[in-house]
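Observations on the model geometry
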Amino acid sequence: MLEYRRELDGLRALAVIAVLFYHANFMLWKTPLMRGGFLGVDVFFVLSGFLITGIIRYAMDNGSFRFLDFYLRRFRRIVPALLVILTISALGAWFVLFSGDLIKFAESLRSALYFGSNYYLR
């Protein structure tokens, strides 16, 4: 069994904090604390890729790796949280947006359901 890597969770937390600082535009003596929010995203993806590669390699070494199982685990992990966030966003949008904006929001919401937001929002 793979061992839990606590230090990687800490590094991923720092990467998320870097992205939050960038988007919050925190300043120190009129100088942004984070100028490149992409750095936090890159670090997060590298660490996640490292962990996922370890999981795949462990399963392959044991002869138990199957693409379907791998993607089903990802689906079960990501989709429930996605649906909760989209539902909360839709409820908030219903009360805040005007009808024209609500239609655009509904279109973007639909694209998020099939993971096509990057194509819709480009």
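Residues numbered from 1 in each chain as written. Predicted model: local features only at pLDDT ≥ 70, side-chain atom pairs only at ≥ 80, totals over all residues. Heavy atoms only, no water.

With that settled, consider the overall build of the protein. If you tally the helices and strands in the protein, you get five helices and two strands. In terms of overall size, the protein is more extended than a compact globule, its C-alpha atoms giving a radius of gyration of 19 Å where 122 residues would be expected to give roughly 14 Å. Along the first, second and third principal axes, the C-alpha atoms of the protein reach 55 × 45 × 25 Å. For the protein, buried positions account for 17% of its 122 residues. Residue pairs at least 24 apart in sequence account for 41% of intrachain contacts in the protein once pairs closer than 6 positions are excluded. Just so you have it, the protein exposes about 10100 Å², and 68% of that area is on carbon and sulfur atoms. Taken together, the 14 basic and 8 acidic charged side chains of the protein have centroids lying 3 Å from each other. (Helix = DSSP H or I, 4+ residues; strand = E, 2+ residues; numbered from the N terminus. Rg over C-alpha atoms; globule rule 2.2 N^0.38 Å. Buried < 20%, exposed > 50% of the residue type's maximum accessible area, 1.4 Å probe, protein only. Contact = heavy atoms within 4.5 Å. Areas by Shrake-Rupley, 256 points an atom, 1.4 Å probe, with all protein chains shown as cover. Lys, Arg positive; Asp, Glu negative; His and termini not counted. Charge placed at Lys NZ, Arg CZ, Asp CG, Glu CD.)

Here the focus is the environment of Ser48. Along the chain, the position of Ser48 falls in helix α2 (residues 37-61). Put simply, Ser48 and Asp9 are 39 residues apart on the chain and 9.5 Å apart in space, counted from C-alpha to C-alpha. At 3.2 Å, the side chain of Ser48 and the side chain of Arg12 are in polar contact. (Polar contact = N/O pair within 3.5 Å; in protein donor to acceptor, adjacent residues only side chain to side chain.)

So, about the environment of Asn25. Counting through the fold element by element, Asn25 comes out in the loop between α1 (6-24) and β1 (27-28). Separated by 28 residues in the primary sequence, Asn25 and Thr53 place their C-alpha atoms 34 Å from one another.

Let's shift gears to the side chain of Arg12. If you trace the backbone, Arg12 turns up in helix α1. Contacts of Arg12, omitting those with residues within four sequence positions, involve Phe44, Leu47, Ser48 and Leu51.

Here we take up helix α3 (residues 67-96). Its 30 residues place the ends of α3 42 Å apart at the C-alpha level, agreeing with the 44 Å of an ideal helix rising 1.5 Å per residue. When the local axis directions of α3 are compared, the greatest deviation, roughly 25 degrees, occurs at Ile78, which is followed within four positions by the proline Pro80. Along α3, the residues that are buried comprise Phe70, Arg74, Val79, Leu86 and Ala93. (Expected span 1.5 Å × (residues − 1). Bend = angle between axes of the 7 residues up to and from the residue.)

Enumeration according to the criterion identifies four aromatic pairs in this entry. With centroids separated by 5.1 Å and ring planes inclined at 75 degrees, the aromatic side chains of Phe65 and Phe67 adopt a geometry described as edge-to-face. By relative accessible area, Phe67 is classed as exposed at 58%. Ring centres 6.1 Å apart and planes at 50 degrees place the aromatic pair Phe65 and Phe70 in the tilted group. In this structure Phe70 comes out as buried when scored by relative accessible area, which is 7%. Taken together through their ring pairs, the aromatic side chains of Phe65, Phe67, Phe70 and Tyr71 make up a single cluster. (Phe/Tyr/Trp six-rings, centres within 6.5 Å; stacked < 30°, edge-to-face > 60°.)

This part covers the pattern of salt bridges. Counted under the stated rule, the structure contains three salt bridges. Residues Asp69 and Arg66 are paired through a salt bridge, measuring 3.5 Å at the closest nitrogen-oxygen approach. Overall, the relative accessible area of 28% leaves Asp69 in the partly exposed class. According to the relative accessible area criterion, Arg66 is partly exposed, its value standing at 46%. (Salt bridge = Lys/Arg side-chain N within 4 Å of Asp/Glu carboxyl O.)

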